[in-house]
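# Reading the structure
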Amino acid sequence: MSEYEVVIGLEIHAELKTKSKMFCGCDASFGGEPNSKTDPVCLGLPGVLPVLNRKAIELAIRLAIALDSEIAPNSIFHRKNYFYPDMPKNYQISQYDLPLAIGGHLDIDVGGEPFRVGITRVHMEEDTGKSVHASESGRIHGAEYSLEDFNRAGVPLVEIVTEPDVRTAEQARIFMQELRSILQHLEVSDGKMEEGSLRCDANISLRPRGESEMGVKTEVKNMNSFRALSRALEYEIVRQTDLLESGGKVVQETRHWDADGNVTTPMRTKEYAFDYRYFPEPDLVPLEPSLEFLDEVRTALPELPQERRRRFQEDYSLPAYDVGLLTASKAMGDFFEETVRAGAPPKAASNWMMGELSAYMNAMNLEIEDIIVSPRQLAKMIELVETGVISGKIAKSVFEEMLRGGKDPDEIVKEQGITQISDSQELERLIAEVIKENPESVDDYRGGKEKALGFMVGQVMRKTGGRANPQLVNEMLKRSLEGE
Amino acid sequence: MIDRKDVEYVAWLARLDLSEEEKERFTRQLDNVLEHAQKIKSLDTSEVEPTPHVLPLKNVMRDDEIKPSLSQEEALSNAPHREGAYFVVPRIL
């Protein structure tokens, strides 16, 4: 074990799932033609006034409640002043010393052990525009000029700042996964790291074990997947350890995670310490959420992942492993519940989702939302297996075809004539054939070699094109061999 | 006391290019402003709530409804430089 203790604090930004932007009525949805979702407010034209989106406040409060964060009776907005072309107003409306909510915590499960991460604050701010850097390398420096698309400018964000409680890259990743799950379950945010609707920066420093004072930290940015988050932090832990152990010093700076090169490199943005000259936003009046409003939000709070996990375990008697995977994202859990509601036994539904479905999603790099098979279709297919119409093996190829073409399982079965052979006369005939064709295996089996039976079962299955129930063939074959 | 360095720093933050004469003048003027602020600071405000806003208003909000945006052409009509539907800005860093 290293003689250093790792100290990590996270800063997370999540785009809120509102229809319109935070301070104007522009469409807040992702994508679209560049600069097609802007108006005088989010373009920072003179003489306009921002007006706060009620839904954005409600969503941020939902999250604050879920994190046990204390909603401030009075909070205000500040202007964060800086010149960067992604913000047309030259300031970002954010919160400063009177944020929406203070304190709180999130409990995570690290390898079966509960671990609590403290929350410092939850506040609101607006997103910036998107810069496209016109350069060959794609990296910021070296660009000749930059292009700006302000469709994202003014989209509401919630920022979550954690206490410096995290000690390992794994804890950081699990924390982010749990937070994303909460954001999705509460319908506060899409939580798509790759699309940028969920972002995470980390402050990381090392200190000698037992030391209470913090070491010099670096801020790591551009970690846009869970994998990037773990790897960037692991890299940074090794880098700082090596520096300190060789008698060097960590320089306080912002570092950029380069996923292709597997390294963090210093960013040149902080040549000067930023001086944001925060001051209260004069165009927005204070926010004082009434107790009635808070009660309303609390009462209507959707089911949290923790509650869902408990319910899945109790109602469906699923093992913890299944439950963990099925509740990792809200859409996955929803798909599972709809499949069960459509009549599938829970364990069978879970097996198909964790097995074939997940394998397909991984191979094709798809999310559950992209899957064209409906829960009802999956339930129908499971029913075909349960009632013996198709074998489990055939079901796999049927399901694959469903995943690719979205057809109903019964249609595929009918088209391809792949119903299971349950006609025992037909099976008897094939078994007799196999016994006749493989006298050596028959002798081997009778001589006590169990393996030989498996071989003959395989031969029968081959003759049926996989359309027999192997269990049944096994029993019938045994009977034939021992009966003679 | 405001000195020349402070003025240069504030000017840099605001991306202002000041002449020597302006730096001189603004140093004096800002110093006067701060001197006035010092007077206010001498008052005992320990019992007074900070006043971020002077209006007797709170919780002014709108419903989450999409309103028409500007057209791309309108949005870009004041841009000194554009490329396609993007604003072109000087390279960053």
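Position numbers for residues start from 1 in each chain and track the written sequence from start to end. By the order in which they are written, chains take letters starting at A while ligands take numbers starting at 1. The predicted nature of this model means local features are confined to residues of pLDDT at least 70 and side-chain atom pairs, given and counted, to a pLDDT of 80 or more, with totals for whole chains, interfaces and linings taken over all residues. To obtain the side-chain values, all non-hydrogen atoms of the structure were included, while hydrogens and water were left out.

## What about a nonpolar patch on the surface?
Residues and elements named next belong to chain B. Stated precisely, the cut-off is as follows: Exposure above 30% relative accessible area and the absence of a salt bridge qualify a residue for a patch, where like charges join within 9 Å and nonpolar side chains (Val, Leu, Ile, Met, Phe, Trp, Tyr) within 5 Å. The Shrake-Rupley method, run with a 1.4 Å probe, gives the accessible areas here. Residue values count only the displayed protein chains as cover. One side-chain nitrogen of Lys or Arg within 4 Å of one carboxyl oxygen of Asp or Glu is enough to make a salt bridge. The way it works is that DSSP assigns letters per residue, a run of H or I at least four long becomes a helix, a run of E at least two long becomes a strand, and they are numbered from the N terminus. In this scheme, a residue with accessible area under 20% of its type's maximum is buried, one over 50% is exposed, and one in between is partly exposed, where area comes from a 1.4 Å probe on protein chains only.
A contiguous nonpolar patch, built from V54, L55, L57 and V60 and spanning about 390 Å² of accessible area, is present on the exposed surface. Tracing the sequence through the fold places L57 in the loop between α2 (20-41) and β1 (61-62). L57 gets classed as partly exposed once you look at its relative accessible area, which sits at 45%.

## Focus: the sheet that holds strand β4 (residues 78-81) of chain A
Spelled out, the test is: Any two strands between which DSSP finds at least two bridges are classified as paired.
Strand order in this open sheet of 3 strands is β5-β4-β16 (chain A), and the pairing throughout is antiparallel. Taken across any chain shown, the strands that pair with only one partner, and hence form the sheet edges, are β5 (91-94) and β16 (279-280) of chain A.

## So, the interface of chain A and chain B
Many authors give the size of an interface as the accessible area that is lost as the parts come together. Spelled out, the test is: In this description, contact between two residues means that some pair of their heavy atoms is separated by no more than 4.5 Å. Here the quantity called buried area is the accessible surface, traced with a 1.4 Å probe, that two parts lose on coming together, added over both. Each polar contact in these results corresponds to two N or O atoms within 3.5 Å; when the atoms are within protein, one needs to be able to donate a hydrogen and the other to accept it, and residues that are neighboring in sequence are counted only if both atoms are side-chain atoms.
Listed as interface residues are 57 residues of chain A and, on the opposing side, 33 residues of chain B. Between chain A and chain B lies a buried interface of about 4100 Å² when both sides are counted; carbon and sulfur atoms form 61% of it. Three residues, R54, F83 and V285 of chain A, lead the burial of chain A against chain B; their summed loss comes to 14% of the area buried on that side. At the boundary of chain A and chain B, one finds 2 salt bridges. For the salt bridge of R54 of chain A with D63 of chain B, the shortest nitrogen-to-oxygen distance reads 2.4 Å. Inspection of the chain A/chain B interface yields 23 residue pairs in polar contact (both at pLDDT 80 or more). Contributing elements (two or more residues each) for the side of chain A that touches chain B: β2 (52-53), α1 (54-66), β9 (130-134) and β10 (145-149) of chain A. Of all the elements, β10 of chain A adds the most residues to the side of chain A that touches chain B, at 5 residues.

## Re the domain arrangement of chain A
Our working definition: The domain boundaries here were taken from an automatic or database domain assignment.
For chain A, the assigned domains read domain 1 (4-294), domain 2 (303-416) and domain 3 (424-482). Between the C-alpha centres of domain 2 of chain A and domain 3 of chain A there is a distance of 33 Å.

## Examining the environment of G196 of chain A
Residues and elements named next belong to chain A. Positionally, G196 belongs in the loop between α2 (169-185) and β12 (198-208). Residue G196 is classed as buried on the basis of its relative accessible area of 17%. Sequence spacing of G196 and N222 is 26 residues, and the spatial spacing of their C-alpha atoms is 10.0 Å.

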